[in-house]
Amino acid sequence: MGRGKLRIYLGAAPGVGKTYAMLSEAHRRVERGGDCVVAFVEHHDRPRTEVMLHGLEQVPRREIDYRGSVFTEMDVDAVLARRPAVALVDELAHTNVPGSRNAKRWQDVEELLAAGIDVVSTVNIQHLESLGDVVESITGVRQRETVPDEVVRRADQIELVDMSPPALRRRMAHGNIYKPDKVDAALSNYFRPGNLTALRELALLWVADRVDEYLTEYRSEHRVSKIWGSRERIVVGLTGGPEGRTLIRRAVRLAEKGAGGEVLAVYIARSDGLSSASPKELALQRTLIEDLGGTFHHVVGEDIPAALLDFARGVNATQIVLGSSRRKTWQYVFGPGVGATVARDSGPDLDVHIVTHEEVAKGRGLPVTRSARLGRARIIWGWLVGVGGPVVVAVLLNTVHLGLANDMLLFLALTVAAALLGGLLPALASAAFGSFLLNYFYTPPLHRLTIADPKNIIALAIFVGVAVSVASVVDLAARRTHQAARLRAESEILSFLAGSVLRGETSLEALLERVRETFGMESVALLERASDVEPWTCAGSVGTSPLVERPEDADVDMPVGDHMALALSGRVLPASDRRVLAAFAAQAAVVLDRRRLQHEADQARTLAEGNRIRTALLAAVSHDLRTPLAGIKAAVSSLRSDDVSWSQEDQAELLEGIEDGADRLDHLVGNLLDMSRLQTGTVSPLIREIDLDEVVPMALGGVPEDSVDLEIPETLPMVAVDPGLLERSVANLVENAVKYSPADEQVLVAASAMADRVEVRVVDRGPGVPDEAKDRIFAPFQRHGDAPRGAGVGLGLAVARGFAEAMGGTLAAEDTPGGGLTMVLTLRAAGSRPDLATAAAAPAPVAPAERHPAC
């Protein structure tokens, strides 16, 4: 049974027509043949509303006596008993009279929804809990009856019932809302034009926000990347500089020009962390944007223009506000700048505003090199070779003169070595320092910074050019190597994820451990919650001290849908890593859903098995129960008959037949009850230590004397069992063996000890069972071969095995040497520990919403 659907008619004020619209919908449903009833509708003596109640079935209300007065409330029990398809419940925010089933009417509605009943209800915008202060500031009236916003937001449909303030005031003046003696006061106070206009705007904006949530969900589900300009959403790109406050105020003014505008400020930090803004300035700008009604976002991105555009398109923004560049004119040789790049790549769906400010062209420093990717040790060695190497070579060449050409080659070799080790900057420093030493010590005139021979100038220029070229090639190769290694690692990770999907792996902990190892995190947790107002719960976690309360507090928060997130603790990841992390997060959600679906499938199989059991039970009742009942009734009718005079022998025979039928019924009903206990999981064994010779002889009471040979040594250890379950198991095994054994053969019941186990063997000399049927005979309602109907319904062995496993034992069938069947009941000796196989066999259902043990 699924949850019912909730439809809400939302209005700005009383009298706009919410109840009338709800009743009109009810009449449409009834005309279409729907099952719709009025659970509670208050017409407030409004004639038109009262007329709409005619023709609709109304559930009688519950009368409650409170402080000497009688009040009527919705009778939840009556509605649940009537169980309609749709129930009309007016005034969702209503507070019930003390003594009612629930304190609030929305809680009554929750019960109806949980029972699978669709509900149509009404509520005014002033009754939403989050708007209480706003409504009080507008109307001067504090609403005492409120409903949580989440209850309304969870509604499957929200329909706005709108009416202009003049039209509503006319309805009030005509007496269509309140009684005539209250009209003047209402028009002068709550129903003033200004109040109604403000409340109407609140209702429109609230519904618009709800529509925006639906739109965002739709775009996410259908992977719509193109911006839909359904409302103005402005993104402010911050650099952490003082101009950010100017940009925020300018963006807010732009948003105010359009109704429902929204401002999002975003600061994009480089992934290498080498260039960062002032934390103090960012904190001030964050406070400013939040005070002005916007939101602040912090994003890590390798390419700042691309990251900014990706963020803007991701939030469905329509405009981007950027500040004019703070770089000086000569710094444009390094590129066009963020503003120009964003404007060039924004496309036709994004407007880019470049705002001037006081910090324009005041400089922001040289761009930071990316040579840090080569590693700290290599960079240090590069600087040592690039700066210290020329000094060492110059000292050596002062003692041994090799000529200018050889000297230049030696210095060039040092530059190449510096480039190979440290990248571009150490190589440039080596080239500059080496050219200075060559000019000063080895180019005529010596020990002067002038060059006499023009050819030497060309040689030095070529030396510097070659050094710079080699250094650039080495730096580019290092970056390409880094990118290739990263792409290879990403491809391996994505290949692993694809393989796990194809293999159908369902271990959430293994996947989270792979996430932790891949990104070098201390802990990883998958958090989820049922709704936006519910607390977060942990579905799975690995690592030390995982974060299990709020994903926002983690170092990395990766959302998965609306109510699930992957929380990582240890370090902040760059934007390039978040792409792969998103794939892991999606796979984690899939694994969790698969595990829950598997649990639901197991439950479905259990239900199917239960249905099969019930079907077989009906067959058993239709024949195996009716047969002995028919025999008993026939015998009793015969004995009570006055037409026939029965002899002593005949009466004894009839009474014996009655006794046999009653015994068969008792045995059959006992097995049916035992099987039902096993199927529903209500068997709770009371394990205690006991000797077998205290239990097994009692289990032989249902078979003829001298039909069983009992061999239980006195030296056997005690067993840890439930005596009642053990007696019932052995009794069923013995009765089954006696039933199929020849009349002249005794059934052997023998016991022996093996290590920490005790075996009870029930040996018969009957026809035996083929190997392929040995497991099938333990299934409920299974008879082997051509067993007659009167032999029972096939539950004895199923009950025996179920009771054995409930006590931590096993029951198996073996061939008897020389012909027949041997049932081997293995029990745990007293003082021994349950083995892993037995523990694994015990059923342990896991509910999908339970908290993970590691959390």
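Conventions we followed
- Residues numbered from 1 in each chain as written.
- Predicted model: local features only at pLDDT ≥ 70, side-chain atom pairs only at ≥ 80, totals over all residues.
- Heavy atoms only, no water.
- Phe/Tyr/Trp six-rings, centres within 6.5 Å; stacked < 30°, edge-to-face > 60°.
- Buried < 20%, exposed > 50% of the residue type's maximum accessible area, 1.4 Å probe, protein only.
- Lys NZ or Arg CZ within 6 Å of the ring centre and 35° of its normal.
- Patch = residues over 30% accessible without salt bridge, like charges linked within 9 Å, V, L, I, M, F, W, Y side chains within 5 Å.
- Areas by Shrake-Rupley, 256 points an atom, 1.4 Å probe, with all protein chains shown as cover.
- Salt bridge = Lys/Arg side-chain N within 4 Å of Asp/Glu carboxyl O.
- Helix = DSSP H or I, 4+ residues; strand = E, 2+ residues; numbered from the N terminus.
- Lys, Arg positive; Asp, Glu negative; His and termini not counted.
- Charge placed at Lys NZ, Arg CZ, Asp CG, Glu CD.
- Pairing = 2+ DSSP bridges.
- Axes fitted to C-alpha atoms, helices over the stretch in contact; angles between N-to-C directions.
- Arc of directions from axis to C-beta.
- Contact = heavy atoms within 4.5 Å.

## Description of the packing of aromatic side chains
Next, step 1: Per the counting criterion, the structure on display carries one aromatic pair.
Next, step 2: Relative to Phe71, the ring of Tyr66 lies with its centre 6.4 Å away and its plane at 55°, an arrangement referred to as tilted.
Next, step 3: Take Phe71: its relative accessible area is 34%, and that puts it in the partly exposed class.
Next, step 4: A cation over a ring is seen here: Arg61 above Phe40, with NZ or CZ 4.1 Å from the ring centre.
Next, step 5: The ring of Phe778 has Arg801 lying over it, and the distance from NZ or CZ to the ring centre is 3.9 Å.

## Topic: a nonpolar patch on the surface
Next, step 1: On the surface, Trp383, Val387, Leu425 and Leu428 cluster together into a nonpolar patch covering about 310 Å² of accessible area.
Next, step 2: Looking at the nonpolar patch, the elements with two or more residues in it are helix H14 (376-399) and helix H16 (424-442).
Next, step 3: Relative to the helices and strands, Trp383 is located in helix H14.

## Some details on a negative patch on the surface
Next, step 1: A contiguous patch of negative charge, built from Glu649, Asp650, Glu653, Glu656, Glu659, Asp660, Asp663 and Asp666, is present on the exposed surface.
Next, step 2: In this structure, Asp663 sits in helix H20 (residues 648-680).
Next, step 3: With a relative accessible area of 45%, Asp663 lands in the partly exposed category.

## Here's the deal with the sheet that holds strand S16 (residues 556-559)
Next, step 1: Here four strands make up an open sheet; going across it, the order is S15-S14-S17-S16 and the pairing antiparallel. Every interior strand has two partners, whereas the edge strands, strand S15 (537-543) and S16, have only one. Along the sheet, successive strands turn relative to each other by an average axial angle of 15°, direction set aside.
Next, step 2: Both strand S14 (residues 523-528) and S15 contribute to a ladder of six bridges, which runs antiparallel. By the bridge assignment for S15, Val524 is matched with Val542.

## Focus on the pattern of salt bridges
Next, step 1: Under the criterion given, the structure shown has 22 salt bridges.
Next, step 2: For Glu25, the salt bridge identified is with Arg7, shortest N-O distance 3.3 Å. Of this pair, Glu25 sits in helix H1 (residues 18-31) while Arg7 is found in strand S1 (residues 6-11), placing the two residues 18 residues apart along the sequence.
Next, step 3: Residue classification places Glu25 among the buried positions, given a relative accessible area of 7%.
Next, step 4: Ionic pairing is found between Arg286 and Glu290, a salt bridge with its closest N-O pair at 3.4 Å. You can see Arg286 and its partner Glu290 sitting in helix H11 (residues 279-291), four residues apart, about one turn around the helix.
Next, step 5: Exposure remark for Arg286: the relative accessible area of 41% places this residue in the partly exposed category.
Next, step 6: Through salt bridges with shared partners, one network takes in Arg7, Glu25, Arg28, Arg29 and Glu159.

## Looking at helix H5 (residues 132-139)
Each α-helix turn comprises 3.6 residues. Residues three or four places apart therefore point the same way.
Next, step 1: Within H5, the full set of buried residues consists of Gly132, Val135 and Thr139. Looking down the long axis of H5, one finds its buried residues gathered within 65° of arc, a one-sided arrangement. Summarising the geometry of H5, the exposed residues directed more than 90 degrees from the buried face are Asp133 and Ser137.

## Regarding the sheet that holds S1
Next, step 1: Here six strands make up an open sheet; going across it, the order is S3-S2-S6-S7-S1-S8 and the pairing parallel. With partners counted over all chains shown, the strands left at the sheet margins are strand S3 (57-58) and strand S8 (157-161), one partner each.
Next, step 2: Inspection of the sheet shows S1 paired to strand S7 (residues 118-124) by six bridges, in the parallel sense. Within S7, the position partnered with Leu6 by the bridge is Val119.
Next, step 3: Each of S1, strand S2 (36-40), strand S6 (86-89), S7 and S8 touches H1; the most contacted strand, S1, lies at about 145° to it.
Next, step 4: Each of S1, S2, S6 and S7 is contacted by helix H4 (residues 105-114), which is oriented at about 180° to S6, the strand it contacts most.

## Some thoughts on the environment of Asp407
Next, step 1: Considering the arrangement of structural elements, one finds Asp407 in helix H15 (residues 404-422).
Next, step 2: Sequence separation of Asp407 and Ala394 is 13 residues, and the distance between their C-alpha atoms is 8.8 Å.

## Observations concerning unusual backbone geometry
Next, step 1: A positive phi is found at Arg83, a non-glycine position, where the angle reads about 50°.
Next, step 2: Looking at the secondary structure, you find Arg83 in the loop between helix H3 (76-82) and S6.
Next, step 3: Judged by its relative accessible area of 40%, Arg83 is partly exposed.
Next, step 4: We note that Glu91 has phi near 55°; this positive angle belongs to a residue other than glycine.
Next, step 5: One can find Glu91 in the loop between S6 and H4.

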